[in-house]
Amino acid sequence: MWCKEFRDALWRVSIFVAILIGLLIVIVNAFPLFEPLMRGLYSQDTMADLLGIPPEQLLDFGIFARGEFYVLDQWQGKTLGQLIPIFVLLVAFPIFSREQEKRTIYFLLSGWSRTSVYWVKYGTGFLMIAGSVVLLNLLAPLFMNIAGYPTPYSLIILAMGQQLIAAWFLYSLFLLVSIRFSDQVRVMVAGGMLIIVLPFLSFVPALSWLNIYPYILGVGLYDRGGMDLGYSIGLSMVAPVCSLVGARYFATKEVE
Amino acid sequence: MWFKVDLRSPDPIYHQIQSGIKELIMRGEIKEGETLPSIRDMASFLRVNPNTVVRAYRELETDGLVFARPGMGYLVVQSPQEIRESMKEGIKPMIQEIFTKARKLGMDYHEFLEVAEQLWKTMK
Amino acid sequence: MENHEVEPVLRVQNLVKVYRKTHTALRGISFSVRPSQVYALLGRNGAGKTTTLKSIMGWLRYSGEIRVLGSSVDAVRQKIAYVPEEKSLYGQHHLLQTIHLCQRMFPDFRKEAMVELAHRFEIPMKRKLGSFSLGMRSIVYTLIALSRDAEIYMLDEPGLGLDAIIRESLMELIREKLYEGKTVLYTSHIIQEVERIADWVSIIDHGKILLSVLVDDIKEQYRTFFIPFDQEPLLRTFSFRSVWKKSTHWLGISDRKDQWESLRDRPGISSEVPDLDSFFRILVRGQSNVV
């Protein structure tokens, strides 16, 4: 069954990874332009005047010449990070709903127990997501180094860690949605709405903590020098709970 | 070609199979001392449920026509003449039913014989 | 038949299924299937045949008691070969891949048997199942189930979408299972099929079993009676299992041998030995009228 699950997801995962590698190459090549661009933008800023301090003290422009910062800011922060939730949804949405929609679920459940079906599907989907995330994260400093821009791995690996935890949480959540609906389109829509709503939650102070986007994007990671422990621990606890709920749900639901 | 069964007939299938077998024996196609076709073959040939064939064969055994030998099939133990005699007995209720119907119509004995003779002659 | 003492392969007792508090699909279904039998659930579309099978397989929640091979269905699932109504397989696979999948899924799956059957039914090995016609996809699922060495085969409308010739071949395969001592439960709305192959039939309509009977016994234990309207009072004085009002007369089914003679004597009344077809029609269209 593993084989079939892998093969089913292979197309969409490969295309996504390929596209992103392409984007990464573009971004890596654009690195030399970054510092001059930032200087250009911020020298037009009147912020320094407003604050009454000399412009040179406002920003350490040297930061923009550091590969590590660049990768965290542009790659994880603006490209890969933004797409992580969508990627997770892309992998998760048909895992259960397609079997139900196409009615192949009876065939599957004739041969294997509901528990093993759930966990095998869960495992293969997660492995594909985790593998892709790890690959896409580690390729960034790798390419940078190959291109001649020295880039240490440490912070990037921490950012990757946050992405993995967030992805794990989102994955177990989207799987629940995939089990709930026997219609692949509905799952996409429901998951899509969830993703869209997230950033808007920041506008409501009481709910802003529910927006996990900053966590995924690694906001503040560079300054902190370490992972956001609160979110990391929190999400790491919610994710397994969601997963177990999913297992129970799948084991007991009716198969129409 | 052994015989056919008719699902539309008022006769239950297993009964038709019994009659069919009896006829085969009377015609000499299955001789005394030979075994009946296997249940598989018969069911397959007639395209009916094998359990129906089993029931027919068991009834034949109860009637004393055949004897079931474990692993070796159903052995015919009556001669064609004996079977013919018992079948003659079996035909009587059918004739009775026709008589009853004829009486209901108001036919008398001579009318009936006329019709019977006519039909008998057109047979063969 | 004789073996009443034998443990039933399947026992369904008072199966009730209500969908979302509004629609009662099954209103208390009870029947038993003994070993080495072909048991048919015969009914119109929407009568509840598929819901019954899905409940037995544990796909649906229900109330009532169901025992398969003496246990709950989950405990013996490996011994059941089930063919759902939809008969959907993975369209992206071709038959050979599906067979390999089956080998891993079902320990009792016999590859050689399936390959032989595919050959016999002229099913291509290397074409994607998604490109098959409805009939072909349907038969493939059923053949896969029949290639398994299961204890009990539960087939939901196996003849659906098949032409008469293929259906006949399929019936032959089901017959083979009997020789192997297996049990087959199947649903159908095709009467002729049931008549030839089933030992027992339960006639189901609107979620209820109207009657369960040994097919062979129908002709012996029942008579259909033609009752013109002016003889309507007879419907009350004699007991009928079911009566169906037609345009000029009533049709009734009686299982009371003691009453047949006197009924036939009445003017305008005629009787017939029923075949499964007329039996089914009168039962389903009529109402029970037991005095």
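Refer to the structure printed above.
Residues numbered from 1 in each chain as written. Chains lettered and ligands numbered in written order. Predicted model: local features only at pLDDT ≥ 70, side-chain atom pairs only at ≥ 80, totals over all residues. Heavy atoms only, no water.

1. Focus on the overall build of chain B
Definition in use: Here a helix means four or more residues in a row that DSSP labels H or I, a strand means two or more in a row labelled E, and each is numbered from the N terminus. For this measure, only C-alpha atoms enter the radius of gyration; the expected value for a globule follows 2.2 Å times N^0.38, where N is the number of residues. Accessibility here uses a 1.4 Å probe with only protein chains present; expressed as a share of the type maximum, an area under 20% marks a residue as buried, one over 50% as exposed, and anything in between as partly exposed. Only heavy atoms matter for contacts: two residues are in contact if any of them lie within 4.5 Å across the pair. Each accessible area value is a Shrake-Rupley result obtained with a 1.4 Å probe; residue values ignore everything except the protein chains displayed when judging cover.
Within chain B, the secondary structure is distributed over 5 helices and 2 strands. Ordered by position in the sequence, the α and β elements of chain B form the string α-α-α-β-β-α-α. In summary, chain B has a C-alpha radius of gyration of 17 Å against a globular reference of 14 Å for 124 residues, an excess of more than 25%. Within chain B, buried positions represent 34% of all 124 residues. A separation threshold of at least 6 residues defines the contact pool for chain B, and within that pool the share at least 24 residues apart is 52%. A total accessible area of about 8,200 Å² is found for chain B, and carbon and sulfur atoms account for 57% of it.

2. Observations concerning helix 6 (residues 114–146) of chain A
Residue and element names in this part refer to chain A. The cut-off we apply is this: In this scheme, a helix's expected span is set at 1.5 Å multiplied by one less than its residue total. The term bend refers to the angle at a residue between two fitted axes, each drawn through seven residues, those ending there and those starting there.
Taking 1.5 Å per residue, 33 residues should reach 48 Å; helix 6 reaches 47 Å between its end C-alpha atoms and fits that length. Most pronounced at L139, the bend in helix 6 amounts to some 25°, and the proline P141 follows within four residues. At the C-terminal side of helix 6, G148 shows a positive phi close to 100°.

3. Concerning the interface of chain A and chain C
Note the cut-off: Summed over both partners, the accessible area (1.4 Å probe) lost when two parts come together is defined as the buried area. Definition used for salt bridges: Asp or Glu carboxyl oxygen within 4 Å of a side-chain nitrogen of Lys or Arg. What qualifies as a polar contact is a pair of N or O atoms within 3.5 Å, subject to a donor-acceptor requirement within protein and to the restriction that residues adjacent in sequence count only when both atoms come from side chains. Nonpolar residues are Ala, Val, Leu, Ile, Met, Phe, Trp, Tyr, Cys and Pro. Charged residues are Asp, Glu, Lys and Arg, and all others, Gly as well, are polar.
Facing 22 residues of chain A, the contacting portion of chain C comprises 25 residues. When the area that chain A buries against chain C is broken down by residue, the three leading residues are Y106(A), F107(A) and E254(A), summing to 34%. Between chain A and chain C we count 2 salt bridges in total. The shortest N-O distance in the salt bridge between E86(C) and R103(A) comes to 3.4 Å. The tally of links between chain A and chain C comes to 11 residue pairs in polar contact (both at pLDDT 80 or more). Going through the elements one at a time, helix 1 (2–43) and helix 5 (105–111) of chain A are the ones with two or more residues in the side of chain A that touches chain C. With 6 residues, helix 5 of chain A is the largest single contributor of residues to the side of chain A that touches chain C. For the side of chain A that touches chain C, a count of residues per class yields 8 nonpolar, 4 polar and 10 charged.

4. Description of the environment of L33(A)
Residue and element names in this part refer to chain A. Of note, L33 is situated in helix 1. L33 gets classed as exposed once you look at its relative accessible area, which sits at 59%. Distance from L33 to F181, taken between C-alpha atoms, is 47 Å for residues 148 residues apart in sequence.

5. Quick word on the packing of aromatic side chains
Residues and elements named next belong to chain C. Our working definition: Aromatic pairing here means that ring centres of Phe, Tyr or Trp (its six-membered ring) are within 6.5 Å. Orientation follows from the plane angle: under 30 degrees is stacked, over 60 is edge-to-face, and everything else is tilted. Criterion for a charge above a ring: Arg CZ or Lys NZ at most 6 Å from the ring centre, at most 35 degrees from the ring normal.
Taken as a whole and judged by the stated rule, the model has 27 aromatic pairs over all chains. Lying across the ring of F229, K245 places its NZ or CZ 5.7 Å from the centre. Against the face of W244 rests K246, its NZ or CZ located 4.5 Å from the ring centre.

6. Some words on the sheet that holds strand 4 (residues 63–68) of chain C
In any sheet, the strands associate via hydrogen bonds between backbone groups, in a parallel or an antiparallel arrangement. Residues and elements named next belong to chain C. In plain terms, the rule: For two strands to be treated as a pair, DSSP must find at least two bridges joining them. Orientation is described by axes fitted as lines to C-alpha atoms, over the contacting stretch for helices, and by angles from 0 to 180 degrees between their N-to-C directions.
Taken in spatial order, the 3 strands line up as 2-1-4 in an open sheet, and their pairing is antiparallel. Two strands close off the open sheet at either side, each with one partner strand: strand 2 (23–33) and strand 4. If you compare each strand with its neighbour and ignore which way they point, the axes differ by 20° on average. Where strand 1 (residues 10–19) meets strand 4, 5 bridges bridge the pair, whose relative direction is antiparallel. Its bridge partner being in strand 4, R11 is matched across the sheet by R67.

7. Remarks on the interface of chain C and chain B
Taken together, the contacts link 27 residues of chain C with 22 residues of chain B. For E220(C), the salt bridge is made with R55(B), and the minimal N-O distance between the two is 3.9 Å. Within the residue set of the side of chain C that touches chain B, elements represented by two or more residues are helix 6 (164–179), helix 7 (191–197), helix 8 (218–221) and helix 10 (257–265) of chain C.

8. Some thoughts on the sheet that holds strand 8 (residues 200–205) of chain C
All names here are of chain C. With mixed pairing, the 6 strands of this open sheet are ordered in space as 5-6-7-3-8-9. The open sheet has two free edges, formed respectively by strand 5 (80–83) and strand 9 (208–214), since each of these has just one partner strand. Taken over all neighbouring pairs, the strand axes of this sheet differ in orientation by 15° on average, direction set aside. Inspection of the sheet shows strand 3 (residues 38–43) paired to strand 7 (residues 183–188) by 5 bridges, in the parallel sense. The residue of strand 7 that forms the bridge with V38 is V184. Sheet strands touched by helix 5 (residues 134–146): strand 5 and strand 6 (152–156). Its angle to strand 5, the strand with the most contacts, is close to 175°. Here helix 11 (residues 276–285) sits on the sheet in contact with strand 3, strand 8 and strand 9, set at roughly 30° to strand 8.

9. Quick look at the pairing of strand 2 (residues 73–76) of chain B
Residue and element names in this part refer to chain B. Where strand 1 (residues 66–69) lies against strand 2, 4 bridges are found, and the strand directions are antiparallel. Residue V66 lies in a different strand from strand 2, and its bridge partner there is V76. Hairpin connection, strand 1 to strand 2: the antiparallel pair is bridged by 3 residues, and G71 has positive phi, about 80°.

10. Brief notes about the packing of helix 4 (residues 67–101) of chain A against helix 7 (residues 154–180) of chain A
When two helices pack together, their arrangement is given by the angle between the helix axes and the distance between those axes. All names here are of chain A. Using the following cut-off: An angle below 35 degrees is read as roughly parallel, one above 145 as roughly antiparallel, one from 65 to 115 as roughly perpendicular, and any other as oblique. Crossing handedness is read from the near helix: turned anticlockwise from the far helix by less than a right angle, it gives a left-handed crossing, and turned clockwise, a right-handed one.
Where helix 4 meets helix 7, the closest approach of the two axes is 8 Å, and the angle between their N-to-C directions is 20°. In terms of orientation, helix 4 lies roughly parallel with respect to helix 7. Of the two possible hands of crossing, helix 4 and helix 7 adopt the one that is right-handed. Among the residues forming the contact of helix 4 with helix 7, the class breakdown is 22 nonpolar, 7 polar and 1 charged.

11. Quick notes on the side chain of K22(B)
On the secondary structure map, K22(B) appears in helix 1 (residues 13–26). Other than its neighbours up to four places away in sequence, K22(B) contacts L60(B), D63(B), L65(B), I83(B) and M87(B).

12. Remarks on helix 7 of chain A
Given a rise of 1.5 Å per residue, 27 residues ought to cover 39 Å, and the 40 Å separating the end C-alpha atoms of helix 7 of chain A matches this to within 8%. Counting buried residues along helix 7 of chain A, 20 of its 27 residues qualify, which places the element largely inside the surrounding structure.

13. Considerations on the pattern of salt bridges
All names here are of chain B. Across all of its chains, the model carries 33 salt bridges over all chains by this definition. For E117, the salt bridge identified is with K121, shortest N-O distance 3.1 Å. Placement of both E117 and K121 in helix 5 (residues 109–122) is noted, with a separation of 4 residues, approximately one turn of the helix. The class of E117 is partly exposed, set by a relative accessible area of 46%.

All we've got here are geometric facts, nothing functional implied.
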